[in-house]
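Secondary and tertiary structure notes
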Amino acid sequence: MDLQVALSVRRDESLIEVSGVLDYASAPYLRQVVYERFDAGSHLITLDAARLRLIDAASIKVLLYLRERAERAGGELRLTDARGTALAALEIAGVAKELDAYGAPGWPVEQRESIAVDLGTLHIGHGHWPVGATELLQRLYSLSPADPRRSRLRDEVITLCLPAARNLARRYAGTGEPAGDLAQVAALGLVKAVDGFDPARGIEFGAYANPTVTGELKRYFRDRTGAVRIPRRLQELRLALNTAREELGSRLGRPPTAEELAVHLGATVAEIGEVERAGHLQRPMSFDAPGGPGQDEAGLADLVGGEDPGFELADLRASLPPAIAGLPEREQRIIALRFYGNLSQNEIAARLGVSQMHVSRLLTHALGFLRRRLS
């Protein structure tokens, strides 16, 4: 993560100097710094972007959300002095003026403390889950089971976290499943996470909710989708592939290639291709589907050939001579006289100078041997 943050404070104002790269991975850290300034009573927060080299679309959404939250609390958040590629990204998104990116911070250098923030010590909510959810759940579980406020707090937490659960569901877009169904599955996973969360363990709600909702979505794909069951390894890689496409597409500004996806996921190009083919196998075409261009009214069922017994017969004819060669010489001769010479068992017995009963036993043994070899 290439992000550095320095903090200066005066009265109810805060200056946050941001340098490096602000992207999907680092935006939660900046968001947490801003949240802490809100909690500390800062009503005017200025982000100095003079040394910010790059900003992506996901981070711009976070900044707009933080600005809206500051306004709801009666404060203000500005992103000032943006330059170069970062300013160009804000202009392309159409929010440069809205965030005051052309303005100056209004903090003389000599008045800045510029205290470096150790981002590694920040307590980050997982997957952009609302930070306040953990506190609400702690309040909920501190109440007695009979307290009517528990139900209200539970509904409040679910409503607060529902957008984050839906964001997880959107990662699986493009799998062929209706978006509404995926959103419902994610909402069910969220309810299970709220009911199963234990604040006494001292972890953020997002750390528990993220795998719970994701697991519910994976179970849905495992148990409810696809007429053909594909291996679990391919199912998991397929779901990761959808997320990788979204992340790389946002970063590169174009659809990623198979090679780029393979590097991002630590897989091979062959595995990426296998996942693509497996996705089509889960939904086989109907026999009632049209047969294709130039087929008039014919369906796929009309184009499927029937069983040809000639192939099996040809296979047996090719396999029979080597099998016969495995018989003793006298039994080979009996087979030849009986089935190629069309002689009766008595005639064969007369030629070989043995009894008809002995010929019958040898013939039975030879035919049994051939059936076993050919089967």
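These remarks concern the structure in this document. (Residues numbered from 1 in each chain as written. Predicted model: local features only at pLDDT ≥ 70, side-chain atom pairs only at ≥ 80, totals over all residues. Heavy atoms only, no water.)

1. Digging into the overall build of the protein chain
Test applied: Only DSSP runs of H or I reaching four residues or more are called helices, and only runs of E reaching two or more are called strands; each is numbered from the N terminus. The cut-offs for exposure are 20% and 50% of the maximum accessible area for each residue type, with area from a 1.4 Å probe on protein chains only; residues under the lower value are buried, those over the upper are exposed, and the others partly exposed. Any two residues having at least one pair of non-hydrogen atoms within 4.5 Å are treated as being in contact. A 1.4 Å probe and the Shrake-Rupley method give the accessible areas. Residues count as covered only by the protein chains that appear here.
Across its full length, the protein chain carries 15 helices and five strands. In the protein chain, buried positions account for 40% of the 375 residues. Long-range contacts, defined as pairs at least 24 residues apart, comprise 64% of the intrachain contacts of the protein chain with a sequence gap of at least 6. On the protein chain, roughly 21400 Å² of surface is accessible, and the fraction owed to carbon and sulfur atoms is 53%.

2. Thoughts on the packing of helix H1 (residues 27-39) against helix H2 (residues 57-72)
Applicable threshold: Fitted lines through C-alpha atoms serve as axes, helices being fitted only where they are in contact, and the angles separating the N-to-C directions of these axes extend from 0 to 180 degrees. Any angle that is under 35 degrees is reported as roughly parallel, and any over 145 degrees as roughly antiparallel; angles of 65 to 115 degrees are reported as roughly perpendicular and all others as oblique. The nonpolar class holds Ala, Val, Leu, Ile, Met, Phe, Trp, Tyr, Cys and Pro. Asp, Glu, Lys and Arg form the charged class, and all remaining residues, Gly among them, are polar.
Packing of H1 against H2 leaves a shortest axis separation of 10 Å and a crossing angle of 10 degrees. Classified by the angle their axes make, H1 and H2 are roughly parallel. For the pair H1 and H2, the contacting residues are Ala27, Leu30, Arg31, Val34, Tyr35 and Phe38 in the first and Ser59, Val62, Leu63, Tyr65, Leu66, Arg69 and Ala70 in the second. Split into classes, the residues belonging to the contact of H1 with H2 amount to ten nonpolar, one polar and two charged.

3. Comments concerning the environment of phenylalanine 38
Here phenylalanine 38 is to be found in helix H1. Sequence spacing of phenylalanine 38 and arginine 69 is 31 residues, and the spatial spacing of their C-alpha atoms is 9.5 Å. Residues in contact with phenylalanine 38, not counting those within four places in the same chain, are Ile45, Leu66, Arg69 and Ala70.

4. Quick look at a negative patch on the surface
Just so we agree on the cut-off: Exposure above 30% relative accessible area and no salt bridge define the residues that can form patches, which grow by joining like charges within 9 Å and nonpolar side chains of Val, Leu, Ile, Met, Phe, Trp and Tyr within 5 Å. Only one rule defines a salt bridge in this text: a Lys or Arg side-chain nitrogen within 4 Å of an Asp or Glu carboxyl oxygen. Only four residue types enter the charge count, namely Lys and Arg as positive and Asp and Glu as negative; His and the chain termini do not. Positions of charges follow a simple convention, taking NZ of Lys, CZ of Arg, CG of Asp or CD of Glu.
Negative charge collects at one region of the surface, where Glu307, Asp308, Glu312 and Asp315 lie side by side. Topologically, glutamate 307 is positioned in the loop between helix H11 (300-303) and helix H12 (309-325).

5. Things to note about helix H5 (residues 149-170)
Here is the rule: To estimate how far a helix should reach, multiply one less than its number of residues by 1.5 Å. To obtain the bend at a residue, axes are fitted to the seven residues ending there and to the seven starting there, and the angle between these axes is taken.
Between its first and last C-alpha atoms H5 spans 32 Å; for 22 residues at 1.5 Å apiece the expected length is 32 Å, and the two agree. Of all bends in H5, the biggest is about 45 degrees, found at leucine 162, and the proline proline 163 comes one to four residues later. Residues of H5 that are buried: Arg150, Leu153, Val157, Ile158, Cys161, Leu162, Ala164, Ala165, Leu168 and Ala169.

6. Here we look at the sheet that holds strand S4 (residues 76-80)
Which entries qualify depends on this criterion: For two strands to pair, DSSP has to find at least two bridges joining them.
In space, the five strands of this open sheet follow the order S4-S3-S2-S1-S5, with mixed pairing throughout. Two strands lie at the open edges of the sheet, namely S4 and strand S5 (115-116), each paired on one side alone. Taken together, the nine bridges between strand S2 (residues 13-22) and strand S3 (residues 44-55) define a ladder with parallel strand orientation. In the strand pairing of S3, leucine 22 is matched with isoleucine 55. Together, strand S1 (3-10), S2, S3 and S4 form the strand contacts of H1, whose direction differs from that of S2 by roughly 175 degrees.

7. Points about unusual backbone geometry
One non-glycine residue, arginine 11, adopts positive backbone phi at about 50 degrees. Here arginine 11 is to be found in the loop between S1 and S2. With a phi angle near 65 degrees, aspartate 100 is a residue other than glycine that sits in the positive phi range. Tracing the backbone shows aspartate 100 in the loop between helix H3 (84-93) and S5.

8. What to know about the packing of helix H4 (residues 132-142) against H5
For the record, the criterion: In this scheme the crossing of two helices becomes right-handed for a clockwise turn of the near helix relative to the far one and left-handed for an anticlockwise turn of less than a right angle.
Their axes nearest at 9 Å, the elements H4 and H5 cross at an angle of 165 degrees. Considered as vectors, H4 and H5 are oriented roughly antiparallel to each other. When you trace H4 past H5, the crossing you get is left-handed. Here Gly132, Ala133, Leu136, Leu137, Arg139, Leu140 and Tyr141 of H4 come into contact with H5, specifically with Arg150, Leu153, Arg154, Glu156, Val157, Leu160 and Cys161. Looking at side-chain class alone, the contact of H4 with H5 contains nine nonpolar, one polar and four charged residues.

9. Section: the packing of aromatic side chains
Keep this limit in mind: Classification of ring pairs uses Phe, Tyr and Trp, with its six-membered ring standing for Trp, and accepts pairs whose centres are within 6.5 Å; under 30 degrees between planes counts as stacked, over 60 as edge-to-face, and the remaining range as tilted. Ring-over charges, as used throughout, are those where CZ of Arg or NZ of Lys falls within 6 Å of the ring centre and within 35 degrees of the ring normal.
As enumerated under the stated definition, the model contains two aromatic pairs in all. Aromatic side chains phenylalanine 197 and phenylalanine 205 sit 5.4 Å apart centroid to centroid with 90 degrees between the ring planes, which places their arrangement in the edge-to-face category. Comparing phenylalanine 197 with phenylalanine 205, the two get one shared label, buried. Arranged with centres 6.0 Å apart and planes meeting at 55 degrees, the rings of phenylalanine 197 and tyrosine 208 form a pair that is tilted. Linking phenylalanine 197 in the loop between helix H6 (179-196) and helix H7 (205-224) with tyrosine 208 in helix H7, this pair joins segments that are eleven residues apart in sequence. Site record: aromatic cluster; members linked through ring pairs are Phe197, Phe205 and Tyr208. The positively charged end of arginine 10 is found above the aromatic ring belonging to tryptophan 107, 3.9 Å away from the centroid. For the cation-ring pair, arginine 338 lies above phenylalanine 339, with the distance from its terminal atom to the ring centre recorded as 5.7 Å.

10. Focus: the nonpolar core
For soluble globular proteins, nonpolar side chains are generally found buried alongside one another. Rules: Residues grouped as a nonpolar core are buried Ala, Val, Leu, Ile, Met, Phe, Trp, Tyr and Cys residues, joined through side-chain atoms within 4.5 Å.
Core analysis: the biggest nonpolar cluster contains 35 residues, and Ile16, Val34, Leu47, Ile55 and Leu90 have the highest contact counts within it. Put simply, the parts of the chain that give this core at least two residues each are S1, S2, H1, S3, H2, S4 and H3. No other element matches the six residues that H1 contributes to this core. If near-sequence neighbours (up to four positions away) are discounted, valine 34 is found in contact with Ile16, Ile45, Leu47, Leu66 and Leu77.

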